[in-house]
Structure formats: structure tokens, C-alpha cells
Amino acid sequence: MLTQRVLGQAADLVTDDDVQLALYVMYELFYGGFDGVDDDWEWDPELLGVRSLVETALEKQLLARVAVPDDVPPDRAAVADALFALTAPGPGPSVARFVAKKASREQLHEFLIHRSVYQLKEADPHTWAIPRLTGQPKAALVEIQADEYGGGDPGRMHCELFARTMRGVGLDAEYGAYIEQIPAVTLAGVNVMSWFGLHRRWRGAIAGHLAAFEMTSSLPNRLYGDGFRRQGFGQDVTLYFDEHVEADAVHEQIAGRDLAGALAQQQPDLTHDILFGAATCLYLDDLVGRHLLSAWDAGVSSLRES
Amino acid sequence: MTSGPDPARRRADRRPPTIVPCPDGPILVRGDVTILDDDGRPVPRQRATVALCRCGASTIKPFCDGTHKAIGFTSA
């Protein structure tokens, strides 16, 4: 069948625009859906079968490429330490440093467009895990997600803060407005979150993914804010980044210890999945970073031509 | 930065305070706590759980900004 033929011919699923966009569309049915598309497609058995084929192929590729530490005991502190070690800030080139020091206004726009595919629905993929957890890890995830969703204030929801940033620089903040310009590698990052989030068997991976995501957020967000300030933007644009400097310094502690660490201690057989989820987050983040920096170093757009 | 009443603070008031020193990291503060600056003025608190800087290098003191990781701070 067509799906199997496409998957068989794709050399690299992570950078295949057709594969990632198809997967993104199938997942999006579980979030906001699409105007004019019947909601019943969400649970259409044939479509779920196609999605499963893509997920299985992607899983195979990621398992082969993502290095996971294999000597971490299922202990709260040991898992937290391993996650902090995996995510320790490195000295090499980074998107955050480029944004802080060099990015043009046009490159800042591109940066926001890449980010928008996740940040306009920030926190949603990890929320799927809440009913699949119990006890301390569940309470920890709820504590983080409540803060992501503004602590009860719709105006402080992180997705809303990001929309304000987009509007502040003159971009369209409607979800999906730029979807056809987003390259596969960026879509892969958000698709993996949906894949981990929507499958109970990956509850360890989504917990580890969130921990790695939070642990690589505070310091880069300060630099992102610096880049927008350097280009003359005010607090309406930088509030999103400033908020994340403070919020994610809280979240990374809760995610590392009370969510991922406590989950490993509670369910030791999930330890490898927790670390796989974290390592996959970092692997894909690194690929996106390389894509952005290589385009910008060459003086070309990092987006697809739409 | 604020919009209307502070919902995080309101809910936090219902919880007794807890203070958690994170290994090699900040101090997490939850519950009914008012943070005052040197002049005794309350420091605006935007979230129910806050992380206070313990390494001295944060750029957003009294809150943590993750800099402890960049400078290799240890609490042991």
C-alpha cells in the first residue's frame, strides 16, 4: 500500500517533508482539528492504521539513532542527576547564542515561525500523560502544567504569551498559519511529543521528554529575549522569553526530580523509556538547531518555500 | 505583567509553606509565603511555586534563572 511504499523509500523519516507533514496532520485531529474536516477522522480505524505504520517506522529509526544512557538505576536522585547531566549546557554554537548576538529581524521572524508549531499549543502534548500517572509524578506534572496554562489566568497561558510575541513582531498568531513553511525536522520535534503523549506505553518517554525540554529552556530563553531586545523590541515581545527564564527554572527541578525521577522509582521498568524520551528530545532539538544555523550561516531561509 | 488579581497567590495562600532545597540548585518555595525585598516591599510573585536563587549568580534575583548549571554550583 501507498504508506508502506513511501516509508520504504524515505531515507530519513525525520527530514522527509511528506512523512512529517502527514503525521502532523493525523495528530492535529486530536488537538484543534481542521476547519471543514469531519471530527470523526480522529478515530477513523484506517487512518489510525496508517498513523501506526508511520509511528512504527519512526520508532525504529529513532531507536537506532538516539543514544540512551544504560547505567542509570531506577532511583529518584540518580535519574534526576542523569537528566541534568544529559542536558548540561555546552560551549558549542547554539541557536540561542546566534539569536542573542547575530540574528536579523527576518531571522527572528523565522525563529518564531519554527517555534510556533509547538508554542502556540505549548504544554498540550504532555498533558495527555496526566491520567496515565499516579501519585507524586502525577501531582508534579499537574503542578508544571497548571503554571504552563497560566495558573488560572488565560492571559498568562504560555501559548497566549507566545501569540502576543508573534503579533508584536507583525506575524500571524493563528495556529497553523505558517504550517506549509515549516520543514520536516521542525515538525518531527512536535510530532514526537504527540507520539509519546498519545500512547500510554510511552508515558515514561513523555515524562523524560518534558524534563529535558524544561532543563534546556531557562538559559536559552534569556538569550532569545536578548536577541529581540537587541533588535529594538519591547516587553510586549520579550515577555514570553522572560517568563520562561523564571518559570522553567522552577519546572526543571519539578520535572527532573518529582516527575521523571519519582516515576522511575515508582515504576522501575520505565527508567529506560524516561531516558529515551529525554535523549530523543535533545536529539531532535540538536537537528533543528543544526538546520537553522546552517541555513543562517549560508545566508538563506530556514523555512520551506510555500 | 499582572492582569487583575493574582490567582497563583490566592490559591497558594491555602497551602502551608514548604521550602525544598534542590541538590546543586535553587530553593523551591510553595504555599503561603510573602517574599520581601531589602526595603520590606513584597516581591511580586507570578506563580504558585517559585525557585529562589541559591548560587548568587542569577540575573533575576531573588528568583533562579538556571545560571547555577552554567557556573557548576554545588550545594554539598
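Residues numbered from 1 in each chain as written. Chains lettered and ligands numbered in written order. Predicted model: local features only at pLDDT ≥ 70, side-chain atom pairs only at ≥ 80, totals over all residues. Heavy atoms only, no water.

(A) Seen up close, the interface of chain B and chain A. Taken together, the 26 residues of chain B in the interface contact 25 residues of chain A. Counting the surface lost from both chain B and chain A, the interface buries some 2,100 Å², and carbon and sulfur atoms represent 51% of this. At the boundary of chain B with chain A, the tally comes to seven salt bridges. At the junction of chain B and chain A, the tally comes to ten residue pairs in polar contact (both at pLDDT 80 or more). With four residues, the single largest contributor to the side of chain B that touches chain A is helix α2 (residues 67-70) of chain B. (Contact = heavy atoms within 4.5 Å. Buried area = accessible area lost by both parts, 1.4 Å probe. Salt bridge = Lys/Arg side-chain N within 4 Å of Asp/Glu carboxyl O. Polar contact = N/O pair within 3.5 Å; in protein donor to acceptor, adjacent residues only side chain to side chain. Helix = DSSP H or I, 4+ residues; strand = E, 2+ residues; numbered from the N terminus.)

(B) Layout of the sheet that holds strand β1 (residues 18-21) of chain B. Residue and element names in this part refer to chain B. On the basis of which strands lie adjacent, the open sheet formed by three strands has the order β1-β2-β3 and antiparallel pairing. At either margin of the open sheet sits one strand with a lone partner, and together these are β1 and β3 (49-52). The average angle at which neighbouring strand axes cross in this sheet is 20°, direction not considered. Sheet topology places strand β2 (residues 27-30) next to β3; four bridges connect them, and they run antiparallel. Bridging from a neighbouring strand, R30 pairs with T49 of β3. (Pairing = 2+ DSSP bridges. Axes fitted to C-alpha atoms, helices over the stretch in contact; angles between N-to-C directions.)

(C) Representation of the domain arrangement of chain A. All names here are of chain A. What the domain assignment reports for chain A is domain 1 (1-65) and domain 2 (72-297). Between the C-alpha centres of domain 1 and domain 2 the distance comes to 22 Å. Facing the 19 residues of domain 1 at the interface are 26 residues of domain 2. Area buried by domain 1 at its contact with domain 2 is led by Y24, Y31 and L62, which between them contribute 34% of it. The tally of links between domain 1 and domain 2 comes to two salt bridges. The shortest N-O distance in the salt bridge between R201 and E59 comes to 2.7 Å. Summed over the shared surface of domain 1 and domain 2, the number is nine residue pairs in polar contact (both at pLDDT 80 or more). For the side of domain 1 that touches domain 2, the secondary structure elements donating two or more residues are α2 (17-28) and α3 (45-65). (Domains from an automatic or database assignment.)

(D) Structural detail: the UniProt feature "domain: Iron-binding zinc finger CDGSH type" (unreviewed entry) in chain B. Following the UniProt record, the feature "domain: Iron-binding zinc finger CDGSH type" (unreviewed entry) maps to residues 40-74 of chain B here. Each end of residues 40-74 of chain B is marked by a C-alpha atom, and these two atoms are 30 Å apart; helix forms 11% of the span and strand 11%. (UniProt positions renumbered as here; feature names shortened; annotations may be inferred.)

(E) Focus on the packing of aromatic side chains. All names here are of chain A. Applying the stated rule across the entire model yields 17 aromatic pairs over all chains. On the numbers, 4.6 Å between centres and 50° between planes, the contact of F111 with Y224 is tilted. Residue F111 is located in helix α6 (residues 105-119), and its partner Y224 is located in helix α12 (residues 218-230); the two are separated by 113 residues in the primary sequence. Accessibility expressed as a relative area gives 1% for F111, which makes it buried. Ring pairs connect the aromatic residues F111, F162, Y224, F228, F233, Y240 and F241, which therefore count as one cluster. Stacked on the ring of F233, the Lys or Arg R105 has its end atom at 4.1 Å from the ring centre. Positioned above the aromatic ring of Y31 is the side chain of K121, whose terminal nitrogen or guanidinium carbon lies 3.5 Å from the ring centre. (Phe/Tyr/Trp six-rings, centres within 6.5 Å; stacked < 30°, edge-to-face > 60°. Buried < 20%, exposed > 50% of the residue type's maximum accessible area, 1.4 Å probe, protein only. Lys NZ or Arg CZ within 6 Å of the ring centre and 35° of its normal.)

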